[in-house]
Amino acid sequence: MKILNTLAHLVVVPLTALCALAAPSPKYNVVFLLADDLRPDCLGVLGHSIVKTPNLDKLLANGFIFRNAYVLGANTGAVCTPSRTMIQTGQSYLCKNSSTPTLAQTVKAAGFASIRSGKSDNNPTKMDVDFDRHVDGGTDAKVNADNLIEFIKEHAGKKPLFLYFAPHEPHDPQHATEEFYRMYKPADIPLPVNFLPFHPFDNGEMRIRDERTLPSPRTRESVTGKLARYYASTSYFDQQAGRIIDALKQAGQFDNTIFIVAGDNGLSLGEHGLLGKQNLYEFGGMHVPLIFAGPGIPKGDSQALVYLFELYPTLCDLAGVGVPAGLDAKSLAPVIKGEQPKVRDYLFTAYKDCQRSIRDDRWKLIRYPLINKTQLFDLQADPHEMNDLADKPESADKIKELTALLEKTRKEYGDNAPLNVANPTPAEWNPSLVKNKSKKKAEAE
Ligand SMILES: [Ca+2]
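Reading guide: rules and limits
- Residues numbered from 1 in each chain as written.
- Predicted model: local features only at pLDDT ≥ 70, side-chain atom pairs only at ≥ 80, totals over all residues.
- Heavy atoms only, no water.
- Helix = DSSP H or I, 4+ residues; strand = E, 2+ residues; numbered from the N terminus.
- Rg over C-alpha atoms; globule rule 2.2 N^0.38 Å.
- Buried < 20%, exposed > 50% of the residue type's maximum accessible area, 1.4 Å probe, protein only.
- Phe/Tyr/Trp six-rings, centres within 6.5 Å; stacked < 30°, edge-to-face > 60°.
- Domains from an automatic or database assignment.
- Contact = heavy atoms within 4.5 Å.
- Buried area = accessible area lost by both parts, 1.4 Å probe.
- Salt bridge = Lys/Arg side-chain N within 4 Å of Asp/Glu carboxyl O.
- Polar contact = N/O pair within 3.5 Å; in protein donor to acceptor, adjacent residues only side chain to side chain.
- Nonpolar A, V, L, I, M, F, W, Y, C, P; charged D, E, K, R; others polar.
- Pairing = 2+ DSSP bridges.
- Axes fitted to C-alpha atoms, helices over the stretch in contact; angles between N-to-C directions.
- Core = buried A, V, L, I, M, F, W, Y, C linked by side-chain atoms within 4.5 Å.
- Donors = N, O, S within 2.8 Å, 3.2 Å for Na, K, Ca; no water.
- Tetrahedral: all angles 85-135°; square planar, octahedral: opposite > 155°, others 65-115°.
- Arc of directions from axis to C-beta.

Asker: Please give an account of the overall build of the protein chain that cites residues and values.
Answerer: Across its full length, the protein chain carries eleven helices and 13 strands. The C-alpha atoms of the protein chain give a radius of gyration of 23 Å, which matches the 22 Å a tight globule of 445 residues would have. Each of the three principal axes of the protein chain carries a C-alpha extent, and together these read 90 × 50 × 45 Å. Within the protein chain, buried positions represent 55% of all 445 residues.

Asker: Could you give an account of the packing of aromatic side chains, with specific residues and numbers?
Answerer: Evaluation of the coordinates by the stated rule reveals 16 aromatic pairs. A centroid spacing of 5.8 Å and a plane angle of 10 degrees characterise the contact between Phe-131 and Phe-162, whose relative ring orientation is stacked. Here Phe-162 lies in strand 6 (residues 161–166) and Phe-131 lies in the loop between strand 4 (113–118) and strand 5 (133–136), a separation of 31 residues in the sequence. In this structure Phe-162 comes out as buried when scored by relative accessible area, which is 0%. A centroid spacing of 5.5 Å and a plane angle of 15 degrees characterise the contact between Phe-348 and Tyr-413, whose relative ring orientation is stacked. Residue Phe-348 is found in strand 10 (residues 347–351), and its partner Tyr-413 is found in the loop between helix 10 (396–412) and helix 11 (431–444); the two are separated by 65 residues along the sequence.

Asker: I'd like to hear about the domain arrangement of the protein chain, residue by residue, with values.
Answerer: On domain assignment, one finds that the protein chain holds domain 1 (24–337) and domain 2 (349–444). When each unit is reduced to the centre of its C-alpha atoms, the spacing between domain 1 and domain 2 is 26 Å. Residue-level contacts link 39 residues of domain 1 with 36 residues of domain 2. Between domain 1 and domain 2 the total buried area reaches about 3100 Å² when both faces are included, carbon and sulfur atoms providing 59% of it. Of all residues in domain 1, the largest losses of buried area upon contact with domain 2 belong to Phe-201, Arg-207 and Leu-280, amounting jointly to 23% of the total for that side. Viewed at the interface, domain 2 and domain 1 are joined by three salt bridges. The interface formed by domain 1 and domain 2 holds 16 residue pairs in polar contact (both at pLDDT 80 or more) in total. Every element with two or more residues in the side of domain 1 that touches domain 2 is listed here: strand 2 (64–70), strand 3 (73–74) and strand 9 (300–307). Among the residues forming the side of domain 1 that touches domain 2, the class breakdown is 20 nonpolar, 14 polar and five charged.

Asker: Help me get a handle on the sheet that holds strand 10, residues and values and all.
Answerer: Pairing is mixed in the open sheet, where five strands are placed in the order 3-10-11-12-13. Edge positions in the open sheet fall to strand 3 and strand 13 (373–378), since each of these has one partner strand only. As paired strands, strand 11 (residues 355–359) and strand 12 (residues 363–368) are joined by four bridges and run antiparallel to one another. Looking at the pairing, Arg-356 lines up with Arg-367 of strand 12. Strands in contact with helix 10 are strand 10, strand 11, strand 12 and strand 13; relative to strand 12, the strand with the most contacts, it is inclined by about 65 degrees.

Asker: Quick one: what's the story with the nonpolar core, residue by residue and with numbers?
Answerer: Counting residues in each nonpolar core, the largest one holds 82 residues, and the members touching the most others are Phe-66, Leu-72, Phe-162, Leu-290, Phe-292, Leu-311 and Phe-348. The element best represented in this core is helix 8 (residues 311–319), accounting for six residues. Taken domain by domain, this core gets at least three of its residues from each of domain 1 (24–337) and domain 2 (349–444). Once residues within four sequence positions are removed from consideration, Phe-162 is found in contact with Val-30, Leu-103, Val-107, Phe-112, Ala-113, Ser-114, Ile-115, Phe-131 and Leu-315.

Asker: I'd love a proper account of the coordination of the calcium ion, names of residues and values included.
Answerer: Geometrically, a metal with four donors at the corners of a regular tetrahedron has ideal angles of 109.5 degrees, and one with six donors at the corners of a regular octahedron has ideal angles of 90 or 180 degrees. The coordination sphere of the calcium ion, as far as protein atoms go, consists of Asp-36 (OD), Asp-37 (OD), Cys-80 (SG), Asp-264 (OD), Asp-264 (OD) and Asn-265 (OD1), spread over 2.2 to 2.6 Å. Seen from the calcium ion, its six donor atoms lie at angles of 53 to 161 degrees, and the figure they make is irregular. Within one chain, the residues serving as donors to the calcium ion are arranged as D-D-x42-C-x183-D-N. Assessed through its relative accessible area of 0%, Asp-264 is described here as buried. Note on Asn-265: relative accessible area 0%, which makes it buried.

Asker: Which residues make up helix 4 (residues 103–110), and what values do they have?
Answerer: Buried residues of helix 4: Leu-103, Ala-104, Thr-106, Val-107 and Ala-110, and no others. All buried residues of helix 4 fall inside an arc of 165 degrees around its axis, so they share one side. Packed against the buried residues of helix 4 are helix 3 (80–89), strand 4, strand 6 and helix 8. One or two residues past the end of helix 4 sits Gly-111, with phi positive at roughly 95 degrees.

Asker: Could you give me a rundown of the sheet that holds strand 7 (residues 257–263), with the residues and numbers involved?
Answerer: Pairing is mixed across the open sheet formed by eight strands, whose spatial order is 5-4-6-1-7-8-2-9. Strands with a single pairing partner mark the edges of an open sheet, and in this sheet they are strand 5 and strand 9. The average undirected angle you get between the axes of adjacent strands in this sheet is 15 degrees. Sheet topology note: the strand 4/strand 6 ladder contains six bridges and is parallel.

Asker: How would you sum up unusual backbone geometry? Please name residues and give values.
Answerer: At the junction of Asp-172 and Pro-173, the peptide bond is cis and its omega measures out at -5 degrees in the coordinates. Note that Pro-173 resides in the loop between strand 6 and helix 6 (178–181). Here the residue pair Ser-216 and Pro-217 is connected by a cis peptide bond, since its omega of 5 degrees sits within 30 degrees of zero. With respect to the secondary-structure elements, Pro-217 resides in the loop between helix 6 and helix 7 (220–250). Of note in the backbone geometry, Glu-385 takes a positive phi value of approximately 55 degrees without being a glycine. Inspection of the secondary structure puts Glu-385 in the loop between strand 13 and helix 10.

Asker: Tell me what's going on with the pattern of salt bridges, and back it up with residues and numbers.
Answerer: Scanning all chains against the criterion turns up 28 salt bridges. The partner of Asp-36 in a salt bridge is Arg-84, and the shortest N-O contact between them spans 3.7 Å. Of this pair, Asp-36 sits in the loop between strand 1 (29–35) and helix 2 (54–60) while Arg-84 is found in helix 3, placing the two residues 48 residues apart along the sequence. We note a salt bridge from Asp-210 to Lys-277, for which the minimum N-O separation is 3.7 Å. Of this pair, Asp-210 sits in the loop between helix 6 and helix 7 while Lys-277 sits in the loop between strand 7 and strand 8 (287–293), placing them 67 residues apart in sequence.

As structure tokens, then:
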């Protein structure tokens, strides 16, 4: 009997190992908490001095923070759409052909019981059908959290869980409950250090919806009022995330869960006189929070340049289900595990055909082809981008170097928008120009 058992052991182990190689099953649950338009610093755990996010702060206290995470770009003012599509595909939005599996398909093939509940507008909803359950719509994070909590109760312990929480908060019109609105008084909220009443030149997107959610020129009252609502809505997001965390604890699943907390795009709230996500400043459309926490993830704080959509291969890596081949996105697991400091030397971002940017660890160049304008910032000395060095004679070599890198990179990504156009328009811009143009348009209509 002893010999037989030994032989059986010898036979069984290799077969199990082969099965594991063919279709690795998840080692952990994965919970993806995606806020809508969450700014890159807007959680207590990230050092924000005003916003209150106690549930996420506790969850992420020993998490791994990526300080320099960005959306690659957008071909539409609704930056949510390409961003969420890139999360689902792991491919750049400039990529023309993709035969690689979506995140939902990978999750399904790995054997997770999966659900997504969240906003359906500006979201690649067709890709959500591959989750076991997708409950779209709603403008209240509580409803989305309820859907996930019900799913946890049904499936916990039976299969590994993949939960994708994607509510509308804190996107405008900012939604919260009274307890959170009361927490933030506009008079107590400072203006951004780089606040301006209006943006000093035409970046190609001065009249879009987001820029018109407050009157222009901006005032202290209007901007701090919007910030108060934004913080209230972020705290409400936190409360609902806390309910999901509690449900996992009650189901005995918390310690076995990898959490990813992120925003789908950034947002200007008075910085440079801007309000939306249609610009490439650090507090603009592309810079987002990205934090991982859970088993096997050390506490960390990284300056590595990464893309948001890299969360797709990263979660596959961390959960042990294998990373699909052929993705533009790279797994960040080697950075998280301390095996390498970075996955990219520089980072490219794009907005429609009017803005392009490239940055490295220190320097950032933004190019506005349609008005033939370039900005250069030293992000180490000037993280709020208040001191444009482009016109300084000593910047010439750096501008030449970064422009060449930008040109090379945009071609690598298959980006067809040139860095120079034949007939650039005047850069001049001020709020009265918008009013006059709006009036003319209204008269024409
Ligand atoms: Ca968004």
